[in-house]
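# Structure at a glance
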Amino acid sequence: MTDGDAKEQSLYYRGTNIRIQVGDRILFPRWFRKMPATVVYVPGQSPKHSSMEYGDVRQWGIKIDGEPHNVVLLGYFPPDEVIPKRLEFVSRGDKFMELNPSEELL
């Protein structure tokens, strides 16, 4: 895969050249405020999870702090995916926050 191909298969935070990666600490817009959260699943970076990728469906997911068993699912359609405007990158975090392939989603 060339750098151009990798770029075509990656998502970036809106208005930036920062690639979305597992473990990223973000602020996620919810109920008129931004909640701290972690990116826990990205297709191609995470071990495949049957609830996140099946058939033609590919999704990326985040967990909001304080809601460890609830994964927020977002469509994964690079390079054309529209990332929510208010979703904000904070810092690179711990890749070990990754969603376990056998973990059941609520």
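A short tour of the structure in this document, coming up. (Residues numbered from 1 in each chain as written. Predicted model: local features only at pLDDT ≥ 70, side-chain atom pairs only at ≥ 80, totals over all residues. Heavy atoms only, no water.)

### A few points about unusual backbone geometry
The phi dihedral of Trp-31 is positive, around 50°, even though this residue is not glycine. Even without being glycine, Phe-32 reaches a positive phi, approximately 70°. Along the polypeptide, Phe-32 turns up in the loop between β1 (25-30) and β2 (33-41). For Phe-32, a relative accessible area of 82% corresponds to the exposed category. (Helix = DSSP H or I, 4+ residues; strand = E, 2+ residues; numbered from the N terminus. Buried < 20%, exposed > 50% of the residue type's maximum accessible area, 1.4 Å probe, protein only.)

### Looking at the nonpolar core
Membership of the largest hydrophobic core comes to 18 residues, with the highest contact counts inside it found for Ile-20, Phe-28, Val-39, Trp-60 and Ile-62. Only β1, β2, β4 (57-64) and β5 (71-75) provide two or more residues apiece to this core. Ignoring sequence-local partners within four residues, the contact set of Phe-28 consists of Arg-33, Lys-34, Met-35, Ala-37, Ile-62, Ile-64, Val-72, Leu-74 and Leu-87. Judged by nonpolar contacts, the second largest core, of five residues, contains Val-40, Met-52, Val-71 and Leu-99. (Core = buried A, V, L, I, M, F, W, Y, C linked by side-chain atoms within 4.5 Å. Contact = heavy atoms within 4.5 Å.)

### Description of the side chain of Lys-63
Summarising the element assignment, Lys-63 is placed in strand β4. Side-chain polar atoms of Lys-63 contact the side chain of Glu-103, separated by 2.9 Å. The contact partners of Lys-63, leaving out residues within four places of it in the chain, are Ala-37, Thr-38, Val-40, Pro-68, Asn-70, Val-71, Leu-99 and Glu-103. (Polar contact = N/O pair within 3.5 Å; in protein donor to acceptor, adjacent residues only side chain to side chain.)

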